[in-house]
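# Chain and residue survey
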Number of protein chains: 2
Amino acid sequence: MNRSRTRAPAGVNLPALRHHNAALVLDLLRAAGAEGISRLELAEGTGLTPQAVSKITARLREDGLAAGAGLRPSTGGKPRTVLRLVPDAQFAVGLHLDRDGLTAVLVDLAGRPVAVTTAPLDLGAPAERVLADAADAVRDLCAAEPHKPVLGVGVAVPGPLDHRDGVLHRVTGFPRWDGYPLRAALAERTGLPVVLDKDTNAAALALALGGAGGGDFAYLHLGTGLGAGLVLGGEVHRGARTGAGEFGHQTLQLDGPLCGCGGRGCIEALCLAAEARGDRGEAARVLGTGAANLVGLLDIDRVVLGGRTVAADEDAYVRGVRAVIEERAARGGAGAGVTVTVAGGGDRPVAEGAAQLVLAPVFGRIGEEKRVGEEKEDRG
Amino acid sequence: MNRSRTRAPAGVNLPALRHHNAALVLDLLRAAGAEGISRLELAEGTGLTPQAVSKITARLREDGLAAGAGLRPSTGGKPRTVLRLVPDAQFAVGLHLDRDGLTAVLVDLAGRPVAVTTAPLDLGAPAERVLADAADAVRDLCAAEPHKPVLGVGVAVPGPLDHRDGVLHRVTGFPRWDGYPLRAALAERTGLPVVLDKDTNAAALALALGGAGGGDFAYLHLGTGLGAGLVLGGEVHRGARTGAGEFGHQTLQLDGPLCGCGGRGCIEALCLAAEARGDRGEAARVLGTGAANLVGLLDIDRVVLGGRTVAADEDAYVRGVRAVIEERAARGGAGAGVTVTVAGGGDRPVAEGAAQLVLAPVFGRIGEEKRVGEEKEDRG
DNA sequence: TGCACTTTGGCAACAGCGTTGCTTAAGTGG
DNA sequence: CCACTTAAGCAACGCTGTTGCCAAAGTGCA
């Protein structure tokens, strides 16, 4: 009786099944990239029969989402036909609303950016103004690929927010946005579906789909603050209220120095203080200790570092974090085989990840259950 | 190309769809308990049409898994027929192998124990001996409900292990078990399917299904050591190598006192040291700080405490942990509305949770994807 | 008491899914 | 040139949930 509320209705009928399997095939096509993938490999990857894959791919080709891409060398019989995703069949817009700037990007189905816009932005300005700027950026980008369907707009924002409702909370430093229904407002302005998420989650999603291996991982963003994006089981973990990933204010030093949040011994405070006094080794060690805690708690495969502070000296941070994790693993603790890397690419991955928020359902990554029994609106 | 390995083949065909929907209905029937649930409520809960629910429940009734249970009062028309789960249609065995004792329980489909056995056990004894004791306990319990199908045996064990392979790792204090394929060995002995998991995960699963509300939560077990079981998105989070939940050796005090694991400032060391010197308030504060970290990182709804050390003074621990979380929430951090409770029931929930490891797939909770394309063995 | 109305739930027909059995296409190798 | 191998489509099929319709079983007012 109580669980019926906590679990979304997940009954599956035939259209939902069809959509699910098609998304699965599309996901494999995307992962295969430009080199493509054969029908039999798709069958193996999905667990479906080759005949079912043939039917599904035939539909995808009819819809213009897939196309043939040559033949494999024969292995003694008829050579396999290679299929590939048609990346420019559909597009999505990614928007990164930061404290001082706006980055907008139009990506194709493969996630590759085909147009990028950056502009200064004052998050402290009236909502109408910010909204207008954002809507303008979306309109300009859509003009880059006229007559091609744009699936929607993904928006990445710094502060706390609710991914489900698309409502902002107290964006740090900009209390005016508290309770603002950004998703609904932007959807009305643009006439497109809008998805809202935290910037760290968008970055994590971009990394999860960015080719650099699968597995569970944590993206740790160290800029003026410290936050995390978690990918567990191949999906972004947001928690019930999109609050997951509050990494900066984890206590790492009981009764430690006071932090801006009012707590004591927060990772963020310790890390930034060390960085401020020039002790980058200590900053990396603090970050690494927090990362090692996370690795042990969630049993993740990799840690990815990003943000301006890390970018200032990537090597030092990677080595420092890696050292702490490896030391703990060597003692018999968790963390053996965990890789530590940097995200690279500056802030653009955030905007691209925001666009992936829109693309994810197409490939069956998230938001699947919302479609059951609903009719999709078709917008041109 | 790389993602095909990280993601299990999830293609869905018609038998899989049928099983999925039937499991969904069974889950709602279980949640409804003895008071039952009507077809229309099932339809609303699953998102399927009433007619589909009628077909599915008809099959369940034929299989003896569901039965009628009276009528609802009429609301102006034909009264609804109430359906309920038939709990004693099938059973499952739960085994809790602890360092010094063995608890075995036979539960029905509703998760209620119908027979319990406890016996002393020496985990340091030869594997043959431990295995024989476990198999005997299983045989004795099965005799309690003869001629009724037993779905399998769930086994909860303290140390690190691999849930997927069913292989033990270095069980703390008992290095001999390292690499022992307990699942396969016990499956051969008993002739039943066996599922292996950590004791904290089993306890968490029992709590997740134990009626006390849904939502994501963490079970923190403080006994001779400190571990955690995480339930995220309604399912137990194990991580890729079943390593998730290593909570005791999270660093909470940089350069703090040395821990038995070789690290410094581990929660476990700080907490148990405070407890040893009689400072229970400090022990609770340490535990609460770790819990607050976890609440912020994962955005969970509740924290459940358990274990012998907590049981010695439940009030002190609950109040202490709650105080830390509420203080952080009051400052504007995460944790508003998070409840802190104790598990209660001593160690028996672990054995019951172990049995739930076997029942979970029946209700579509976990291990769904393994069934696609495979034929289930039927054992009587 | 009887009739109108509401609500439940099953029967029958149906569209559409992946599967199976078979055929055709398109290569390699002796 | 022929035997063999492998890939991929066609047709028939079983089974899914859905739809349209109707019987069953109540309530409530005349």
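This text gives an overview of the structure that appears in the document. This is a predicted model, so every value here is computed, not measured.

## Looking at the sheet that holds strand β3 (residues 81-85) of chain A
Residue and element names in this part refer to chain A. Pairing within the open sheet is antiparallel, and its three strands lie in the order β1-β3-β2. Strands with a single pairing partner mark the edges of an open sheet, and in this sheet they are β1 (37-38) and β2 (66-71). As judged from the two bridges shared by β1 and β3, these two strands associate in the antiparallel manner. Bridge pairing in β3 links S38 to V82. Packing of helix α2 (residues 14-32) onto the sheet brings it into contact with β1, β2 and β3, and relative to β3 it is tilted by some 95°.

## Digging into the protein's contact with DNA strand C
Near DNA strand C, the surroundings consist of 28 residues, among which R18 and T49 of chain A together with S54, R80 and T81 of chain B are the closest. What you see for DNA strand C is that sugar and phosphate hold 65% of its atoms within 4 Å of the protein. Between a phosphate oxygen of DNA strand C and a side-chain N or O atom of N13 of chain B, the distance comes to 3.4 Å. Within the side chain of S54 of chain B, an N or O atom sits 2.5 Å from a phosphate oxygen of DNA strand C. Those elements that provide at least two residues to the surface near DNA strand C are α2 and α4 (50-62) of chain A together with α3 (39-46) and α4 (50-62) of chain B. With five residues, the top contributor of residues to the surface near DNA strand C is α4 of chain A. Among the residues making up the surface near DNA strand C, the classes are represented as nine nonpolar, twelve polar and seven charged.

## Description of α4 of chain B
Residue and element names in this part refer to chain B. Between the first and last C-alpha of α4 there are 18 Å, a value that for 13 residues agrees with the 18 Å anticipated at 1.5 Å per step. Looking at α4, one finds that the buried residues are V53, I56, T57 and L60. Summarising the axial view, the buried residues of α4 lie within an arc of 95°, below the 170-degree limit, and thus occupy one face. Seen from the buried face of α4, the exposed residues on the opposite side, beyond 90 degrees, are Q51, K55 and E62. Buried positions along α4 lie against α2 (14-32), α3, β2 (66-71) and β3 (81-85).

Criteria and cut-off values
Residues numbered from 1 in each chain as written. Chains lettered and ligands numbered in written order. Predicted model: local features only at pLDDT ≥ 70, side-chain atom pairs only at ≥ 80, totals over all residues. Heavy atoms only, no water. Pairing = 2+ DSSP bridges. Helix = DSSP H or I, 4+ residues; strand = E, 2+ residues; numbered from the N terminus. Contact = heavy atoms within 4.5 Å. Axes fitted to C-alpha atoms, helices over the stretch in contact; angles between N-to-C directions. Near = heavy atom within 4 Å. Polar contact = N/O pair within 3.5 Å; in protein donor to acceptor, adjacent residues only side chain to side chain. Nonpolar A, V, L, I, M, F, W, Y, C, P; charged D, E, K, R; others polar. Expected span 1.5 Å × (residues − 1). Buried < 20%, exposed > 50% of the residue type's maximum accessible area, 1.4 Å probe, protein only. Arc of directions from axis to C-beta.

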